[in-house]
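Next come the chains, spelled out residue by residue.
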Amino acid sequence: MTLFALSCVAFAAPVDDEHAEVLKYENENIGVDGFRYAYETSNGISEAAEGQLNNVGTENEAISVRGHFTFVGADGVTYTVNYVADENGFQPEGDHIPK
């Protein structure tokens, strides 16, 4: 699920962003039951997410991820997408996303 978000950011970034620098990177491995990470780059891209395993040991075991990513579009506008990815699929929300 997070790979999808990262792919969206990568494709949305303007070409001249190839020299962006990482300003912040945090990665916390909580264990087999969850994770947390965040990063920010000098070209206005950032992402943060955390996930946990729900219904551990049951037939309905599923991972749930909550997070957001931000990027500057080719039009110069900063876009932010908040999302949940769980057993119900990828559920993005943002001012620019049709409801």
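Residues numbered from 1 in each chain as written. Predicted model: local features only at pLDDT ≥ 70, side-chain atom pairs only at ≥ 80, totals over all residues. Heavy atoms only, no water.

If you look the chain up in an unreviewed UniProt entry, it shows as Flexible cuticle protein 12-like from Nicrophorus vespilloides.

1. Considering the sheet that holds strand E6 (residues 89-93)
Short version of the rule: Two strands are said to pair when DSSP picks up at least two bridges between them. For the purposes of this entry, the term helix denotes a DSSP run of H or I that reaches at least four residues, the term strand denotes a run of E that reaches at least two, and both are numbered from the N terminus. Axis angles are defined between N-to-C directions and span 0 to 180 degrees, where every axis is a line fitted to C-alpha atoms and, for a helix, only to the segment in contact.
The 6 strands are arranged E1-E2-E3-E4-E5-E6 in an open sheet whose pairing can be described as antiparallel. Strands at the two margins of the open sheet, each flanked by one partner only, are strand E1 (22-31) and E6. Adjacent strand axes in the sheet meet at a mean angle of 10° when their direction is disregarded. Both strand E3 (residues 46-54) and strand E4 (residues 62-72) contribute to a ladder of 9 bridges, which runs antiparallel. Residue pairing for E4: Gln 52 is matched across the bridge by Ser 64.

2. A few points about the side chain of Thr 70
Our working rule: When a residue's accessible area, from a 1.4 Å probe over protein chains only, is under 20% of the maximum for its type it is buried; when over 50% it is exposed; and in between it is partly exposed. By the criterion applied in these results, polar contacts are pairs of N or O atoms within 3.5 Å in which, for protein atoms, one can donate a hydrogen and the other can accept it, and in which residues neighboring in sequence qualify only through two side-chain atoms. Residues count as neighbours in contact if any of their non-hydrogen atoms are within 4.5 Å of one another.
In this fold, Thr 70 is placed in strand E4. Residue Thr 70 is classed as buried on the basis of its relative accessible area, which comes to 11%. Within the local environment of Thr 70, its side chain forms a polar contact with the side chain of Thr 80, the two groups lying 3.1 Å apart. With residues up to four places along the chain from it excluded, the contact list for Thr 70 reads Gly 44, Ile 45, Ser 46, Thr 78, Tyr 79 and Thr 80.

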